[in-house]
Amino acid sequence: MTPGIRPLVAGNWKMNGNTASLVEIATMDAGFTEALQEKIDMLVCVPATLLFQASQMVMNGNLRTGAQDCHAKASGAHTGDISAAMIYDAGGSAVIVGHSERRADHGEASQAVCEKAAAGLGEGLQTIVCIGETEEERKAGKTLDVLKEQLAGSLPDSWEKGELVVAYEPVWAIGTGLTPTADDVAEAHAFMRAELVNRYTEIGNGIRLLYGGSVKPGNARELMAVANVDGALVGGASLKAADLLGIAAAYLDI
Ligand code: PGA
């Protein structure tokens, strides 16, 4: 937690889910109770194919929807891509950029991630930029160096609209069931906070810093209670409403 920052619990469905899975969105929306709404924001980033329908389903609720990537440009000859403007038009209010799976599968380097982040922010989206070290980098003691470099390269210098959110996701913790210790998370998040304050001055104190990587209902309370952890980015456990709501419930007694 960071005093004064409202936490965000964000789901990332990755390449999972079809129209039948939308029942989970309805259940999440119904389960996002007033008690939870008082404490946190909640978001689910669904596959692009489901964004319009999911957004329509939660239109009157407080659960928000988003996408998992966007192109840096607003439109044009970019077969297979979607733009931030299209995400907004489909009802999304957020986008994830620079996820380690995009960096690895699509060769996206920090410069490309930075351009996507600028596009998301320019469209007024809550833009979640992911960073994190690989297992090799951690073993070599390079975690903070990697975070420094990825923060410097992936974040735009300034933005006028939208909200920049940073997610720390150790690559080795994603989908593996492994998590860093609370002390390791605290160290990484304190480092990121200092880097953000250094670069953006007072704005850096208000940027939400999410932790992601094998967050589950069973470990959420410990991880979310860490200083400078302002929420979670949740993959596998966001596919089922009961699990995502179980993670959110950690905030009822933090
Ligand atoms: P996980 O994924 O929760 O399945 O580890 C997290 C993420 O990749 O955002």
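Before reading on, note that the structure itself is shown above.
Overview of the structure. (Residues numbered from 1 in each chain as written. Predicted model: local features only at pLDDT ≥ 70, side-chain atom pairs only at ≥ 80, totals over all residues. Heavy atoms only, no water.)

**Remarks on the packing of aromatic side chains**
Any pair of aromatic rings gets described here by the distance separating the centres and the angle formed by the planes. Per the counting criterion, the structure on display carries two aromatic pairs. A centroid spacing of 5.2 Å and a plane angle of 80° characterise the contact between Trp159 and Tyr200, whose relative ring orientation is edge-to-face. On the criterion of sequence distance, the pair formed by Trp159 in the loop between helix H8 (143-154) and strand E6 (163-168) and Tyr200 in helix H9 (residues 182-200) is long-range, its members being 41 residues apart. What makes Trp159 partly exposed here is its relative accessible area of 24%. (Phe/Tyr/Trp six-rings, centres within 6.5 Å; stacked < 30°, edge-to-face > 60°. Helix = DSSP H or I, 4+ residues; strand = E, 2+ residues; numbered from the N terminus. Buried < 20%, exposed > 50% of the residue type's maximum accessible area, 1.4 Å probe, protein only.)

**Thoughts on the side chain of Asp69**
Tracing the backbone shows Asp69 in the loop between strand E3 (64-67) and helix H4 (84-89). In terms of polar contacts, Asp69 uses its side chain to reach the side chain of Arg102, at 3.3 Å. Looking at Asp69, its side chain comes within polar contact range of the side chain of Lys116, at 2.8 Å. Not counting chain neighbours up to four residues away, the residues in contact with Asp69 comprise Ile82, Ile87, Val95, Ile96, Arg102, Glu108 and Lys116. (Polar contact = N/O pair within 3.5 Å; in protein donor to acceptor, adjacent residues only side chain to side chain. Contact = heavy atoms within 4.5 Å.)

**Looking at the sheet that holds strand E8 (residues 231-234)**
The strand order around the closed barrel built from eight strands is E1-E2-E3-E4-E5-E6-E7-E8, with neighbouring strands paired in parallel fashion. Strand after strand, the sheet turns through a mean of 25° between neighbouring axes, direction not considered. The sheet contact formed by strand E1 (residues 8-12) and E8 spans four bridges and is parallel. The residue bridging Gly11 from the neighbouring strand is Val234, located in E8. Against the sheet, helix H6 (residues 110-122) contacts strand E4 (94-97), strand E5 (126-131) and E6, and its axis sits at roughly 160° relative to E5. (Pairing = 2+ DSSP bridges. Axes fitted to C-alpha atoms, helices over the stretch in contact; angles between N-to-C directions.)

**Comments concerning the site of the ligand**
Residues in close proximity to the ligand total 13 residues, the closest being Lys14, His99, Glu169, Gly175 and Ser214. Residue Gly235 places a main-chain N or O atom 2.8 Å away from an oxygen atom belonging to the ligand. In isolation the ligand exposes 280 Å². Once the protein is present, 97% of that is buried. In this structure the site holding the ligand corresponds to the second largest pocket. (Near = heavy atom within 4 Å. Areas by Shrake-Rupley, 256 points an atom, 1.4 Å probe, with all protein chains shown as cover. 1 Å grid on protein atoms, 1.4 Å probe; cavity = no way out; pocket = protein on both sides within 12 Å on 5 of 7 lines; lining within 4 Å. Sits in = over half its atoms within 2 Å of the grid points.)

**Considerations on the layout of surface pockets**
A water-sized probe rolled over the atoms picks out the places where empty space is left. By volume, the largest pocket amounts to about 530 Å³. Per-element tally for the lining of the largest pocket: the top contributor is helix H5 (residues 100-105), with three residues. Each residue belonging to the lining of the largest pocket can be placed in one class, and the counts come to seven nonpolar, six polar and six charged. Volume-wise, the second largest pocket comes out at about 180 Å³. If you trace the second largest pocket, you find 17 residues lining it, with Lys14, Gly175, Val234, Gly235 and Gly236 closest to the centre. Looking at the lining of the second largest pocket residue by residue, the classes come out as six nonpolar, eight polar and three charged. (Points joined across faces, edges and corners; volume = space filled by probe spheres on them. Nonpolar A, V, L, I, M, F, W, Y, C, P; charged D, E, K, R; others polar.)

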